[in-house]
Amino acid sequence: MIKNLKTVFRLIPILILTSCALNPISSEFDVIQIDKDKIHNTLGNGKVLIFNGSDWKHTIDNTARLNIWIEKRVLGQIRAKEYVVVDLKNGEYNFTVLHIDLVKMKSQHKITIDKNTKVIRISPTITSNKVEITNELPKKFDKYKQMESR
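Student: Would you take a moment to explain unusual backbone geometry for this structure?
Tutor: Backbone geometry at Lys-72 places phi at a positive 65 degrees, although glycine is not the residue there. With respect to the helices and strands, the residue Lys-72 is situated in the loop between strand 2 (66-70) and strand 3 (73-78). Overall, the relative accessible area of 80% leaves Lys-72 in the exposed class.

The following block contains the structure:
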């Protein structure tokens, strides 16, 4: 009996850490490949960099993985320290963001893209997700990598 309880208590942390894993989804967008050193001069006029603004606290339990849809088209899964550049025409877009933190946290956000829109930050929060136009590259951008095909 005590042996079984010890085994259960050892498995609980493993279950907690792996329970927040979100299955990746493949992108339906044409992702734009740009060298990092040229990226700042290329953004705007429809070319928008979207990055995952999660911090280290979210990477511990896998809540940093964000599945994103734009107008019901799959953008893909952006993990911590990842970004993607896409071409979006001027107008209003519905962003749907999903992450798992014991339960599914799905949220809808309206974002207006114009010729001056360059950078969008998406991040999980304790109760939902946050999407905001920052037009600034994230701090320590040199540590970021482009979103992988999954």
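Now that the structure is up, let's keep going.
Student: Sorry, what's going on with the pairing of strand 8 (residues 129-133) here?
Tutor: Side-chain positions along a regular strand alternate between the two faces of the sheet. Where strand 7 (residues 119-124) meets strand 8, 5 bridges bridge the pair, whose relative direction is antiparallel. Bridge pairing links Ile-120 to Ile-133 in strand 8. Counting the residues between successive antiparallel strands, the hairpin from strand 7 to strand 8 contains 4 residues.

Student: Can you help me understand the side chain of Asn-129 in this one?
Tutor: Along the chain, the position of Asn-129 falls in strand 8. Exposure remark for Asn-129: the relative accessible area of 6% places this residue in the buried category. Side chain to side chain, Asn-129 and His-99 meet in a polar contact 2.6 Å long. Setting aside residues up to four positions removed in sequence, Asn-129 forms contacts with Leu-66, Val-97, Leu-98, His-99, Met-105, Lys-106, Ser-107, His-109, Ser-123 and Pro-124.

Rules behind the numbers
Residues numbered from 1 in each chain as written. Predicted model: local features only at pLDDT ≥ 70, side-chain atom pairs only at ≥ 80, totals over all residues. Heavy atoms only, no water. Helix = DSSP H or I, 4+ residues; strand = E, 2+ residues; numbered from the N terminus. Buried < 20%, exposed > 50% of the residue type's maximum accessible area, 1.4 Å probe, protein only. Pairing = 2+ DSSP bridges. Polar contact = N/O pair within 3.5 Å; in protein donor to acceptor, adjacent residues only side chain to side chain. Contact = heavy atoms within 4.5 Å.

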